[in-house]
Amino acid sequence: MHNNNSRNGAGSTVGQNNDIYNIVLLIVDIVILVFKFWLTIIEETVKLFTTRPQANVSGQFVLITGAGHGMGKEMALQYAGIGAKVICWDINDQTNSQTVKEIKQAGGTAYGYVCNVVKREDIMELASRIRKEHGFVSVVVNNAGIMPCHPLLEHTEQETRLMYDINVLAHYWIIQAFLPDMIERNEGSIVALSSCAGLFGLANLVPYCGTKFAVRGYMAALAEELRQKNPQTNIKLTTIYPYMIDTGLCKNPRYRFPNAMKLISPKDAAASIIEAQRQGLEEAAIPRHFVAVEKLGRLIPRKAMRLVNDFLDTGVDTDKM
């Protein structure tokens, strides 16, 4: 009996020591967390007031979907202008070839491919061909998209499905095609075009807003997935939230204060996107402050924000007249 009691007493002492050790370890972890938390807050705050260095893309392959017109074309021209080798994807061979032609005439390097991004098998086949012909693609820009503008009940099933196929599902297939090489090399950038309609809900854009919120969500989840698999990952993910761009997609914009909230030119939007990618920003709105406005707006009661929205009277009218 005496020996059993001794063993029980010793076991109890060991258990108490383990509890004390675990408590001390937890306190140390909390102290380290608090220190790193505030250090990171300070570092990120300082970055807001400093110019971030921009990665050099000269000589690298940059793939852009929807390169035949609008922001896609402007991005292709501007990337080529800073020395990148641009791979232009578009479903329209004529407009895509024109983009490639203009790049070459300006002394740049570009390659054009016709691709229907709705078809996963076409994407995979073309991605394999590009790897064989050009090697590693450093930057992938998921830009292609459509934007029908009318009330939800006027959207057809075909129109809605096509919107999700192009604006969301195509992103998945393209990432699945090019991300494995980036993981293997632990480098590369993926840029996804969301929209300010991925920050704020807007009338006449219900399905479109859904696709752009989806882009925002999958990019955030993918960033976390890559970080957990490799805390030292060098793969950069950038989600872009453009305001209304003057590309023809937004057919009937409405704004009460046109000088303050006018349409943005594709050239300016493209330059802003390229800057965000080269700086490695995780999120960037065009104009930049819209991300901060959205975060601030979530702290304000919904009814109060609706008063502000009604005062600004900014949005998109139906394209069905």
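Residues numbered from 1 in each chain as written. Predicted model: local features only at pLDDT ≥ 70, side-chain atom pairs only at ≥ 80, totals over all residues. Heavy atoms only, no water.

- The name that an unreviewed UniProt entry assigns to the protein chain is Short-chain dehydrogenase/reductase 3, with the source organism given as Drosophila hydei.
- One UniProt comment on the protein chain, placed under Sequence similarities (unreviewed entry), says "Belongs to the short-chain dehydrogenases/reductases (SDR) family."
- Per UniProt, the protein chain has the following entry under Subcellular location (unreviewed entry): "Membrane". (UniProt positions renumbered as here; feature names shortened; annotations may be inferred.)

**With respect to helix α7 (residues 266-279)**
Item 1. Over its 14 residues, α7 runs 20 Å from end to end, which matches the ideal 20 Å to within 8%, given 1.5 Å per residue.
Item 2. Buried residues dominate α7, accounting for 10 of its 14 residues.
Item 3. Every buried residue belonging to α7 is among Pro 266, Ala 269, Ala 270, Ser 272, Ile 273, Ile 274, Ala 276, Gln 277, Arg 278 and Gln 279, and all of these are buried.
Item 4. Tucked into the core, α7 has its buried residues touching α2 (70-81), β4 (137-142), β5 (188-193), β6 (235-242) and β8 (283-286).
Item 5. Of the residues flanking the end of α7, it is Gly 280, one or two places downstream, whose phi is positive at about 75°. (Helix = DSSP H or I, 4+ residues; strand = E, 2+ residues; numbered from the N terminus. Expected span 1.5 Å × (residues − 1). Buried < 20%, exposed > 50% of the residue type's maximum accessible area, 1.4 Å probe, protein only. Contact = heavy atoms within 4.5 Å.)

**Quick notes on the sheet that holds β5**
Item 1. Spatially, the 7 strands line up as an open sheet ordered β3-β2-β1-β4-β5-β6-β8, and their pairing is parallel. This sheet does not close on itself; its edge strands, each paired only once, are β3 (109-114) and β8. The mean inter-strand angle of the sheet, taken between neighbouring strand axes irrespective of direction, is 20°.
Item 2. Two elements, β6 and β8, share 4 bridges in a ladder whose sense is parallel. (Pairing = 2+ DSSP bridges. Axes fitted to C-alpha atoms, helices over the stretch in contact; angles between N-to-C directions.)

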